[in-house]
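# Results of the structural survey
Listed here are the chains, written in short residue letters.
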Amino acid sequence: MNLGLLPLLQQLVLVLAAIVLFLSFVLLAQNRLISAIHAFAWQGALVAAVTTVVAATGHIHHLYFSAALTLALKALLIPWMLHRLVRRLELERHTESLQSPTLVTMAAVALVIFSYWLVLPMIQEELAFTRNIVAISLAVVLIGLLMMVFRTQAVAQVLGFMSMENGLFLAAVSATGGMPLVVELGVAFDVLVAMVLFGVFFLQIRESIDSLDVDRLNRLRETGGDQ
Amino acid sequence: MDNYLTLPGWVLAVFQSCLYIALAPLLVGWVRKVKARLQNRRGAPLLQAYRDLYKLLAKEARVAHTASPLFRAAPYIVFTATWMAAATVPLLVVDLPTAAIADIIVLVGLLALARVFLALAGMDVGTAFGGMGASREMLIGALAEPAMLMAVFTLAMTAHSTNLSSVIDYHLVDGFVLRPSYLFALGGLVLVAVAESGRIPIDNPTTHLELTMIHEAMLLEYSGRHLALMEWSAQIKLLLYGTLIANVFFPWGIGRGFGAAALGLGLAAVLAKLAALGAILAVGETVLAKMRLFRAPEFLNLALLLSLLGLLSHVILEVGA
């Protein structure tokens, strides 16, 4: 594929998708929770931008709606809720570094290569230019998963989960021109409800183990009975 | 490529490399001036860097009595290697004979040669500061070089050539194309350039007192013309990186023929681009604080990650189908 032959808007989609992938790496390696939430908000905004541009190039009108929904939910509402939660749990100054950041980053790079290899047969069909993005979105999903595995802090794990959802949405938009509106609405509200539930869980976990480090949940406590 | 090797081509190549030497202090003076204005100072005049060099060149060069001949030879080697490296980067026009005989890998190699001699000279006299500076310089160099090579390979893969002249030519023919890989390569190369030319988040070019210095620590024992050559080659290095970024990523305006009009336009374009880059550098240096040395690997890891993502996104997004 010669990139120079594509219209400028389609080149823009590829650039935006690449930045979404980069933000996944930023999320993975970010030590400060507040900065991680900001990175997540930017990722949501970029996914919304990709959706808008795909809608504009393909003249798919319902995608404008889902772009607006994504922007409102993933770039504004959920980051705001997380922000409020973090402030309420007094975690603004909390920093948590990965055990070996370089190794985790290299694992994420390996995941990108793996997802490219996985998608390769599909790309060779060459149905639309956006097929290339499927590899990127798969990588975003896998990096979100990696983040959930390596992070011990509950809020950071939720960020990983939400960025996985970003990746799935990117795949849906780029591969098939968006899901039906009903499905999209359903997923959006699921995510919202999940966010609310996570908030409740944070408070509960915090109350029972006095920390949000989920590794501590593995330990047995003898004094558990008399609470 | 053989048709590059003509007499006017060689004359122009020599002229261009002399222009590198002549312009390097101006860029440093410009960055200092903008920085001073941003800090509400009037700052030294633009030509102050030339005056400093002139003053140093006229002074007597004192050499410590423990120094070996390498200490005396190092400034000349460093200066020549940096100058040769600069000569391979097209400043005004593409298709010069220097471009035909040297590509980006030679450029990286020449810079590595300069770095090795700089570090050796730092250790030669045997002062504590020199050895410390040399060890830090090698740390930064070892981390920055892979990132730079990776960014360079991204360019090379797009243009199917490691020759800077043909890379720039390819972009001029291709017109304006948004490439995700270039965005990442640009980011990686900017971080590498900042680290390699000893600018603020990694090293502070104006400090002489703290324990944090890297580049200055190796030059502490130099004086007179030796010091002038060392500082001059650092300035050429900054100009080299600036030109590399300006002309490879924003090649518009560079001359493609040897006519006077093309040369004039090329000079005006490159001066404008370098002035803009210098202003951005000055703003960056004003906004950011210097990092602790132990955070430098993180900074350069980010550069490596950006370059690596550039390479990957080239393969995934641009060649993919």
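Residues numbered from 1 in each chain as written. Chains lettered and ligands numbered in written order. Predicted model: local features only at pLDDT ≥ 70, side-chain atom pairs only at ≥ 80, totals over all residues.

Attention now moves to the overall build of chain A. Looking only at helices and strands, chain A has 7 helices and 0 strands in total. Listing the helices and strands of chain A from first to last along the sequence gives α-α-α-α-α-α-α. A globule of 227 residues ought to have a C-alpha radius of gyration of about 17 Å, and chain A, at 19 Å, matches this closely. Across its three principal axes, chain A shows a C-alpha extent of roughly 70 × 35 × 25 Å. Evaluated residue by residue, chain A yields a buried proportion of 42% over its 227 residues. (Helix = DSSP H or I, 4+ residues; strand = E, 2+ residues; numbered from the N terminus. Rg over C-alpha atoms; globule rule 2.2 N^0.38 Å. Buried ≥ 20, exposed ≤ 12 C-beta atoms within 10 Å, placed from the backbone.)

When you go through chain B residue by residue, the secondary structure sums to 12 helices and 0 strands. Each helix and strand of chain B, placed in order from N terminus to C terminus, yields the pattern α-α-α-α-α-α-α-α-α-α-α-α. Computed over the C-alpha atoms, the radius of gyration of chain B is 19 Å, within 12% of the 20 Å expected from 2.2 N^0.38 for a compact globule of 321 residues. Looking at chain B as a whole, 50% of its 321 residues are labelled buried.

Another aspect to go through is the UniProt feature "transmembrane region" (unreviewed entry) in chain A. Residues and elements named next belong to chain A. Summarizing the sequence annotation, UniProt attributes the feature "transmembrane region" (unreviewed entry) to residues 12–29, 36–57, 63–82, 103–123, 129–147 and 181–203 in the numbering used throughout. End-to-end, the C-alpha atoms of residues 36–57 are 31 Å apart, and along that stretch the chain is 100% helix and 0% strand. Split by type, residues 181–203 is 100% helix and 0% strand. Its first and last C-alpha atoms lie 34 Å apart. (UniProt positions renumbered as here; feature names shortened; annotations may be inferred.)

Orientation of helix α1 (residues 8–29) of chain A relative to helix α12 (residues 296–319) of chain B, taken along the N-to-C sense of each, is 140°, at an axis distance of 11 Å. As the angle between them shows, α1(A) and α12(B) are arranged oblique. In the packing of α1(A) onto α12(B), the handedness of the crossing is right-handed. For the pair formed by α1(A) and α12(B), the contact residues are A:L14, A:A18, A:L21, A:F22 and A:F25 on the first element and B:L305, B:L309, B:S313 and B:L317 on the second. (Axes fitted to C-alpha atoms, helices over the stretch in contact; angles between N-to-C directions. Parallel < 35°, antiparallel > 145°, perpendicular 65-115°, else oblique. Left-handed = near helix turned anticlockwise from the far one by under 90°. Contact = placed C-beta atoms within 7 Å.)

Let's shift gears to the environment of B:R136. Residues and elements named next belong to chain B. Within the fold, R136 resides in helix α6 (residues 128–159). Overall, the presence of 22 C-beta atoms within 10 Å leaves R136 in the buried class. With near-sequence residues (within four places) excluded, R136 lies in contact with I214 and L293.

This paragraph deals with unusual backbone geometry. The phi angle at A:H59 is positive, at roughly 50°, despite the residue not being glycine. By the secondary structure assignment, A:H59 is in the loop between α2 (33–58) and α3 (61–88). At B:N40, a residue that is not glycine, the phi angle is positive and equals roughly 65°. Examined against the element boundaries, B:N40 turns out to sit in the loop between α1 (7–38) and α2 (48–58). In this structure B:N40 comes out as exposed when scored by C-beta crowding, with 6 C-beta atoms within 10 Å.

Contact with chain A, which involves 24 residues of that partner, is made by 19 residues of chain B. Contributing elements (two or more residues each) for the side of chain A that touches chain B: α1, α4 (101–125) and α5 (131–150) of chain A. Per element, the largest residue contribution to the side of chain A that touches chain B is 9 residues, and it comes from α1(A). In terms of residue class, the side of chain A that touches chain B is made up of 17 nonpolar, 5 polar and 2 charged. (Nonpolar A, V, L, I, M, F, W, Y, C, P; charged D, E, K, R; others polar.)

Residue and element names in this part refer to chain B. Tracing the chain through its elements places G109 in helix α5 (residues 104–124). Judged by local crowding, G109 falls into the partly exposed class, with 14 C-beta atoms found within 10 Å. When the C-alpha atoms of G109 and A81 are compared, they prove to be 9.4 Å apart, with 28 residues separating the residues in sequence.

All right, on to the packing of helix α6 (residues 154–176) of chain A against helix α7 (residues 181–209) of chain A then. Packed helices, taken two at a time, are described by the angle between their axes plus the distance between the axes. Residue and element names in this part refer to chain A. Packing of α6 against α7 leaves a shortest axis separation of 11 Å and a crossing angle of 170°. As the angle between them shows, α6 and α7 are arranged roughly antiparallel. Taking contact as the criterion, the partners of A154, V155, V158 and E165 in α6 are, on α7, V191, F198, F202 and I205. Residues that form the contact of α6 with α7 fall into these classes: 7 nonpolar, no polar and 1 charged.

So, about the confidence of the model for chain B. Residue and element names in this part refer to chain B. Mean pLDDT for chain B: 88, with 97% of residues reaching 70 or above. The secondary-structure element of chain B with the lowest mean pLDDT is helix α4 (residues 97–101), recorded at 78, while helix α3 (residues 69–87) shows the highest, at 94. As a predicted assembly, this complex carries a pTM of 0.89 together with an ipTM value of 0.84. (pLDDT = per-residue confidence, 0-100.)

Here α2(A) contains 26 residues, and its C-alpha end-to-end distance of 37 Å stays within 8% of the 38 Å for a straight helix at 1.5 Å per residue. Downstream of α2(A) by one or two residues, A:H59 has phi in the positive range, about 50°. (Expected span 1.5 Å × (residues − 1).)

Moving on: the environment of A:N166. Residues and elements named next belong to chain A. When you line up the elements, N166 lands in helix α6. A residue is classified by how many C-beta atoms lie within 10 Å of it, and N166, with 26 of them, is buried. As for N166 and G186, which are separated by 20 residues in sequence, their C-alpha atoms are 15 Å apart. In contact with N166, other than residues within four places in its own chain, are Q43, G44, V47, K74 and V140.

Moving on: α12(B). In a regular helix each residue adds 1.5 Å, so 24 residues correspond to 34 Å; α12(B) covers 33 Å between its end C-alpha atoms and thus fits that length. Of all the bends in α12(B), the largest measures some 30° and sits at B:S313. (Bend = angle between axes of the 7 residues up to and from the residue.)

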